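Coordinate inspection notes
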Amino acid sequence: MSVSTVAADEAVCAPLPVLGRDVTVPLVTGGEVTYAALDYAASAPALQRVWDDVAAYAPYYGSVHRGAGYLSQLSTDLFENARRTVAEFLDCRDGDQVVFTRSTTDSLNLLAAALPAGCQVFVFETEHHAALLPWRDARVTYLDAPRSPRQAVETLERALADRTVSIEGGQGPALVCVTGASNVTGELWPVRELAAAAHAHGARIVLDAAQLAPHHPVSVTDLDVDWVAFSGHKLYAPFGSGVLAGRADWLRGAEPYLAGGGASRKVTRRTDGGVDVQWHDSAARHEAGSPNVIGAYAVASACKALTEAGFDTLVAREQYLVAKVREGLADVPQVRFLSLFGDDAPRVGVLSFVVEGWNSSHFAAALSAEYGIGVRDGLFCAHPLVRTLLGSAPQTQGECGAPEAAPGEKSLNAIRVSFGAGTPDEHVERFVRAVKELVSDGARWNYRTEDGRCVPDTSASTAAAGTSV
């Protein structure tokens, strides 16, 4: 879909108001410019609606669940209503639980702690570390990076068909963990088909929706996933909250994620001096301590705002911006976009690339210092995937800002640009123009490595000679 095609579509809407849209930042070359936040995949700015809702509630903040006072009761109602709002946003099934956590990482670690004995986990090497690493106490099968959605399903089906037989002679429980949209390439994964494959082989599936939920509707029922995890700070609600939602049985059968007040229903002393504990069976079982009421409320506010804006129009605008980037850089052969499934694969507003002749950290530093554009560089907490995608074109070790490499290994890193509901056209247009200028003319300033990062050399009194590192 081209820019002209999308622009002609009446569904392309204006960006949603977000905090920081008028913030100005200094340029190393002099003057200031409105900051272009193009790192939504790391943390999206708060929607103005979310900020307004939180500010309106803040004077009424109180403890939840056990307070007799008016503010405690109001806060309890708000917290539990937030849980119901999230369940509606995710189209959860009757009986599903919504547990508030700190983040996607926290959610998946919670689920990892709740796995039944002998559970075998299947996870693609393409996952973010939040989904790749929590399964330390389980038997884990890591699957190779697929090169098409169909290959992803076929790879999983083969692995599940061959899964390890338990000591008792049966296959035992199994869990598949998969992303909905890659945090590196933005590509959409065939979640519904992967869920069908998992269930056909007696396994369950958890969806890492950290990059999917801010961009596309996520229906637990329609996708037929067993659990879904996401973070508030990627959903335009950066107030330290996350969600794990899905089937209750494994969560009820597990020891509380944290032991303490709120998770316990009854605690009594025993005659031998110890204590007996009855734990809650509800989501509270895994929400010990005073919960992040404001974070949960912010997530619920963002869910409402995105639903009211309409995902059809949000998706159309995002595809318009993706087309702007891809078409704008189509005539720059030095730019190579990273992809598993091909350039035409459906994706959210996340694109990663390398620039021939440049270290990615140097390029990202120049975008920030000389153009006021914030992007991400490195391996994006998805080291195996980025290394696979960079493959035969590693960048040489020791360049400005290059991440440390293992002995005998060349440094690998890339640049990621990401955007969403709050991104104006001008930010994307400035990015495309900046990339072209840096490729053709080089940086205008000198840079050096400091604490592993490429930064402007503030001791320099003159601009760079116009060459890249």
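What counts as what
- Residues numbered from 1 in each chain as written.
- Predicted model: local features only at pLDDT ≥ 70, side-chain atom pairs only at ≥ 80, totals over all residues.
- Heavy atoms only, no water.
- Helix = DSSP H or I, 4+ residues; strand = E, 2+ residues; numbered from the N terminus.
- Polar contact = N/O pair within 3.5 Å; in protein donor to acceptor, adjacent residues only side chain to side chain.
- Contact = heavy atoms within 4.5 Å.
- Salt bridge = Lys/Arg side-chain N within 4 Å of Asp/Glu carboxyl O.
- Buried < 20%, exposed > 50% of the residue type's maximum accessible area, 1.4 Å probe, protein only.
- Expected span 1.5 Å × (residues − 1).
- Pairing = 2+ DSSP bridges.
- pLDDT = per-residue confidence, 0-100.
- Axes fitted to C-alpha atoms, helices over the stretch in contact; angles between N-to-C directions.
- Left-handed = near helix turned anticlockwise from the far one by under 90°.
- Nonpolar A, V, L, I, M, F, W, Y, C, P; charged D, E, K, R; others polar.

Focus on the side chain of R326
One can find R326 in helix 11 (residues 311-328). In this structure the side chain of R326 is engaged in a polar contact, spanning 3.2 Å, whose partner is the side chain of D343. Those residues within four positions of R326 in sequence are excluded, and the remaining contacts are F337, D343, R347 and L351.

Some words on the pattern of salt bridges
For the coordinates displayed, the defined rule picks out 24 salt bridges. Here D222 makes a salt bridge to R192, at a shortest N to O gap of 2.4 Å. Residue D222 is found in helix 8 (residues 220-223), and its partner R192 is found in helix 7 (residues 191-200); the two are separated by 30 residues along the sequence. Its salt-bridge partner being D377, residue R453 comes within 2.8 Å of it at the nearest N-O pair. Linking R453 in strand 19 (residues 453-456) with D377 in strand 16 (residues 376-378), this pair joins segments that are 76 residues apart in sequence. Relative accessible area serves as the criterion here: at 9%, D377 is assigned to the buried category.

Thoughts on helix 11
Along its 18 residues, helix 11 runs 25 Å from first to last C-alpha, staying within 8% of the 26 Å computed at 1.5 Å per residue. Across the 18 residues of helix 11, 14 count as buried, placing the element largely inside the fold.

Here's the deal with the pairing of strand 4 (residues 97-101)
Buried residues dominate strand 4, accounting for five of its five residues. Judged by which residues are buried, strand 4 turns out to be covered on both faces: Q97, V99 and T101 on one side and V98 and F100 on the other are all buried.

Some details on the pairing of strand 11 (residues 264-269)
In this sheet, strand 12 (residues 275-279) lies alongside strand 11 in antiparallel orientation, the contact comprising five bridges. Its bridge partner being in strand 12, K266 is matched across the sheet by Q278. Taking the residues that link successive antiparallel strands as the turn, the strand 11-strand 12 hairpin has five residues, and the phi of G273 there is positive, at about 100°.

Comments concerning the confidence of the model for the protein chain
Residues shown with low pLDDT carry predicted positions that ought not to be read at fine detail. With 89% of its residues at a pLDDT of 70 or more, the protein chain has an overall mean of 91. A low-confidence stretch, residues 405-409 stays under pLDDT 50, and its non-local contacts, those more than four residues away or across chains, total five contacts.

Here's the deal with helix 3 (residues 70-89)
Here helix 3 is 20 residues long and its end C-alpha atoms lie 28 Å apart, about the 28 Å a rise of 1.5 Å per residue gives. Those residues of helix 3 lying buried are S72, S75, T76, L78, F79, A82, R83, T85, V86 and F89. Residues of helix 3 that are buried sit in contact with helix 2 (48-57), strand 4, strand 9 (227-231), strand 10 (242-246), helix 10 (293-309) and helix 11. Directly after helix 3, the chain includes D91, whose backbone phi takes a positive value near 55°.

What to know about the sheet that holds strand 5 (residues 120-124)
Strands in a sheet are paired, the pairing made by backbone hydrogen bonds, and the direction either parallel or antiparallel. The strand order across the open sheet built from seven strands is 4-10-9-8-7-5-6, with neighbouring strands paired in mixed fashion. Looking at strand neighbours, the two that pair on one side only are strand 4 and strand 6 (139-143), the edges of this open sheet. The sheet shows a mean angle of 20° between the axes of neighbouring strands, direction not considered. Sheet analysis places strand 5 next to strand 6, joined by five bridges and oriented parallel. Residue pairing for strand 6: V123 is matched across the bridge by Y142. Helix-sheet contacts for helix 4 (residues 104-113) involve strand 4, strand 7 (174-179), strand 8 (204-208), strand 9 and strand 10, and the interaxial angle to strand 9 is about 150°. Along the sheet face, helix 6 (residues 149-161) touches strand 5, strand 6 and strand 7 and points at about 160° away from the line of strand 5.

Quick word on the packing of helix 12 (residues 360-371) against helix 14 (residues 425-441)
At a minimum axis separation of 11 Å, helix 12 and helix 14 run at an interaxial angle of 115°. Relative to helix 14, helix 12 is oriented so that their crossing is right-handed. Note on element contacts: helix 14 touches helix 12 through R430, F431, A434, V435, E437, L438 and V439, opposite F363, A366, L367, E370 and Y371. Tallied by class, the residues present in the contact of helix 12 with helix 14 amount to nine nonpolar, no polar and three charged.

Quick word on the sheet that holds strand 13 (residues 335-337)
The four strands lie next to each other as 13-14-17-16, forming an open sheet whose pairing is antiparallel. At either margin of the open sheet sits one strand with a lone partner, and together these are strand 13 and strand 16. The sheet shows a mean angle of 30° between the axes of neighbouring strands, taken without regard to direction. Summarising the sheet, strand 14 (residues 350-355) and strand 17 (residues 414-418) pair through four bridges and their orientation is antiparallel. Bridged to S352 within strand 17 is R416.

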